[in-house]
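Structural overview
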Amino acid sequence: MTRISKGLIMIRRNFVSDSGSIDHKQKRFGLWASSIAAGAILFFALCSSVTAATLPAGFSETQIAGGLSSPTAMDLAPDGRIFVCLQGGQLRVVKNGSLLAAPFLSLTVDSAGERGLLGVAFDPNFSSNNFVYVYYTVPGDPAHNRVSRFTANGDVAVAGSELILVDLDNLSGAGNHNGGAIHFGPDGKLYIAVGDNANRANSQTLSTRLGKVLRVNADGSIPADNPFVSTAQGLNRSIWALGLRNPFTFAFQPGTTRMFINDVGESTWEEINDDIAGSNYGWGICEGACSPPNASFRDPLFQYAHGSTSTQGCAIVGGGFYNPTTVQFPAAYVGKYFFADLCNGWVRLFDPSNNTATDFASGLSSPVDLKVAKDGSLYYLAIGSAALFRVQFAGTAPGIVTQPANQTVTQGQPVTFNVSANGSAPLSFQWQRNQANISGATSTSYTIAATTASNDGSKFRCLVTNAFGSATSNEATLTLVPPALATEDNSDSAIALNAVTLIRDPFPLADPYNLSSDNRTRVMLFATNLILASGEDASFVSARAEDAQMNIYPLTVEYVGPVPGFNWLTEIVIVLPGNLPSGQSVLINATWHTQTTNKARIRVK
Ligand SMILES: [Ca+2]
C-alpha cells in the first residue's frame, strides 16, 4: 500500500457517499492530508490497520491482485478471468490469480470527482461473441457518461472495436452521483444504473435518464416492452425505474428474475431495493422508507442508517446473491445477498426471506464492489488497499475431542452420554443406539431419563457432521447393575427378618405371633440396585423359592419400597406359602423387569 493510495481512500469515500458539499469534501481530504504530513509513524499505523478482514470461522481470504489504483467495479468472465475497472480509465485483467501487465482497454475518461470508468459487464454470449461492455465518463464540456461495447481478442480489446451504445445526458459541474453499474438480466437486456448528478429533481422526472435504472437491448436500442415506452419521449423510453439517487451497484439473482438495487443515501439511509419494472424508489422526495408512507413510492426492502456502528455505514457498495453454480459456503448462505459498506468496511448478509441482515465480514479496507463467483467464492474489491480479494470457505471436517464413556447405572436411574467435537461450525450431532439413529437425540449429550432392562448392554455413539465431513465417536456401553439380595458376609445367607416380629431366621411357617388373617409368615428381605421407577410397585417384582430338591415355589411379593433413611436399600416383603417345606433351607431370588437377583438362603423351622 502506498501513500498515494491512502489519499485515494478519501477521494473514494467521497466518491459515492458525500452529499455534494465541496466544503465537506475538502475538509475530509484535508484531515487526511494533515495526518499524512504529521509523520510517517502515524501513517504507518493507519496503513497497518487496513490489512486482513475479519471473517467468520472457516472462512479465509486471499489477496488475488494488488496495485489496482482506484478501482471502481469488476465483473467475472465466464472463463474465470476478472476484469477490474480503474477510475482513471484502465480496464485491467486478473487471470489465473495474477494481474496482467497490459490493460484490456485504456480509455480516455473524465475521472474528476466520482467520474471515470465505472462499470463493466460481459455479454451473456461472451464465450462466442467476445463482447465486453463498459460504462465511463466521456471528457468534454459538458461531460457525459456512456455505455460502449468492445470486442475482446484474448486479454485485450480489439483496436477500434468500440461500439457506442448509449450516450447519457450531459452532466452539470457536479462530479458526483454517476451510478455506473451495468449488468445483463436473464431477459438478455442490458440494465444500466445512472446517478442523479447531484440533482434530486432529476430522479423524479421522465425527461432525463439521470437518477434511473435503464433497460436497453444489447445493441443499445430500446425494448418495446419497457415500462415507460409510451409515456416517456425519445431516449428516455429506456427508463426502467426511477427515483434513485446513486445506484452505484446492483445485482441479479442467478436463476431468477430478481434484482436488487443498492441506492446510496444522502445523510441518513442506505437502501436495498427490490427491482420491479416501472417502480419509483422515492428519491429526492424520500430517503429510505417514506415517512409518512407514500403509495407512489416503493420503499426499500432493507435500509441501514448512517453511523459508526458495525451495522451502520455511509455508502452501500457491492451486491451479490449467493447462488453460485457450486455452493462452497455453508448451505445457510444460499439465496442470501451480500452487500458492503464503503465507510465502515464491512460485508453483511441480507436474507430476502425475512428482510433482515446479519454480520459477515469486517475490517475491509474501503470495499467498492463484490461478486459471487461460479465456484462459490466471494470476491471483493477494496479501494483502500487497491486490491482484489477472494473469500473462500475452507472449513475442516469434525473430529471427536471427548469420546462418550461407558456407563454403569442401576436400572431405573438416569444416564447421560456426552461427546465433544471440533471442526467448522455449524456442527450437527446424531446419537445412535446399536448403530441406529435415536430420534431427536441431536445435541452434544444424550440422556435416558429412566433406564430400562432393554437398555442393558446397549452401545451408544454419536455421529458428528458439518459441511466438510463427519466423524463417529467410539461406542460407549451402558451396563445396568442387577438388583441383589443382601446376604451375610461371605455367605449366601439372606439378611432376612420376620416381617412381623423382626426376628432373624429361621422362621416358623405358622408363626404364633403372626397376627395376619392368613396366618402366614412374612419375610422381609433387603435388596440393592432395585429402585422402583416412577409408577412401579410390588407388582413389578416377582420372587420364588427353591428347595433342596430344586422344587420351585412362586412367592407372593406384598411390598417393595425404600428403607427409610437408607434409600439405596430396598425392602421386599414376601409371603411364605403353606406348601414350602419346613426344617430346611430354601433359596429365594427376586426378578425385576428381566433382571434376577442372586439366590439368598433362608431357613424355615
Ligand atoms: Ca429510495
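Quick caveat, the model's predicted, so the values are computed rather than measured.

Criteria and thresholds
- Residues numbered from 1 in each chain as written.
- Predicted model: local features only at pLDDT ≥ 70, side-chain atom pairs only at ≥ 80, totals over all residues.
- Helix = DSSP H or I, 4+ residues; strand = E, 2+ residues; numbered from the N terminus.
- Rg over C-alpha atoms; globule rule 2.2 N^0.38 Å.
- Contact = placed C-beta atoms within 7 Å.
- Buried ≥ 20, exposed ≤ 12 C-beta atoms within 10 Å, placed from the backbone.
- Core = buried A, V, L, I, M, F, W, Y, C linked by C-beta atoms within 7 Å.
- Pairing = 2+ DSSP bridges.
- Axes fitted to C-alpha atoms, helices over the stretch in contact; angles between N-to-C directions.
- pLDDT = per-residue confidence, 0-100.

Secondary structure assignment for the chain yields 5 helices and 45 strands. Taken over the C-alpha trace, the chain has a radius of gyration of 40 Å; the compact-globule value for 605 residues is 25 Å, which it surpasses by more than 25%. The principal-axis extents of the C-alpha atoms in the chain amount to approximately 130 × 55 × 50 Å. Sequence-distant contacts, at least 24 apart, represent 58% of the contacts inside the chain between residues at least 6 apart.

That bond from Ser-291 to Pro-292 is cis: its omega, 0°, falls within 30 degrees of zero. Considering the arrangement of structural elements, one finds Pro-292 in the loop between strand 18 (269–274) and strand 19 (302–305). In this model, Asp-505 is joined to Pro-506 through a cis peptide bond whose omega is 10°. Positive phi, normally seen in glycine, also occurs at Ser-70, with a value near 50°. One can find Ser-70 in the loop between strand 1 (59–65) and strand 2 (71–76). Taking the C-beta count within 10 Å as the criterion, Ser-70 has 22 such neighbours and is therefore assigned buried.

Counting 101 residues, the largest nonpolar core has Val-84, Val-120, Ile-192, Tyr-380 and Leu-388 as the members making the most contacts within it. The contact partners of Tyr-380, leaving out residues within four places of it in the chain, are Gly-318, Ala-340, Val-347, Leu-364, Pro-367, Asp-369, Leu-370, Phe-389 and Val-391. One finds Ile-572, Val-586, Ile-588 and Ala-590 within the second-largest nonpolar core, a separate group that totals 27 residues.

This paragraph deals with the sheet that holds strand 25 (residues 378–382). Read from one edge to the other, the open sheet built from 4 strands follows the order 1-26-25-24, with strand pairing classed as antiparallel. Across the chains shown, the open sheet's two edge strands, defined by having one partner strand only, are strand 1 and strand 24 (367–372). Along the sheet, successive strands turn relative to each other by an average axial angle of 25°, direction set aside. Where strand 1 lies against strand 26 (residues 387–393), 6 bridges are found, and the strand directions are antiparallel. Along strand 26, the bridge assignment pairs Phe-59 with Phe-393.

Backbone hydrogen bonds hold the strands of a sheet together, and the pairing may be parallel or antiparallel. Here we have 4 strands laid out as an open sheet, ordered 20-21-22-23, and antiparallel in their pairing. Of all strands in the sheet, those with a lone pairing partner are strand 20 (316–321) and strand 23 (356–361), marking the two edges. In this sheet, neighbouring strand axes are inclined to one another by 25° on average, regardless of whether the strands run parallel or antiparallel. The sheet contact formed by strand 22 (residues 346–351) and strand 23 spans 5 bridges and is antiparallel. From the neighbouring strand, Asp-351 faces strand 23, where its bridge partner is Thr-356.

The next point concerns the environment of Ile-64. In this fold, Ile-64 is placed in strand 1. Ile-64 gets classed as buried once you count the C-beta atoms within 10 Å, which come to 20. Separated by 317 residues in the primary sequence, Ile-64 and Leu-381 have C-alpha atoms spaced 9.9 Å apart. With near-sequence residues (within four places) excluded, Ile-64 lies in contact with Val-94, Gly-97, Leu-388, Phe-389 and Arg-390.

The topology assignment puts Asn-96 in the loop between strand 4 (90–95) and strand 5 (98–99). Placed 369 residues apart in sequence, Asn-96 and Thr-465 show a C-alpha to C-alpha distance of 33 Å.

Position of Ile-272 relative to the elements: it lies in strand 18. Distance from Ile-272 to Gly-154, taken between C-alpha atoms, is 36 Å for residues 118 residues apart in sequence.

The pLDDT averaged across the chain works out to 89; a share of 91% of its residues lies at or above 70. Every residue in residues 17–50 is under pLDDT 50, and counting partners more than four places away or in other chains gives 34 contacts.

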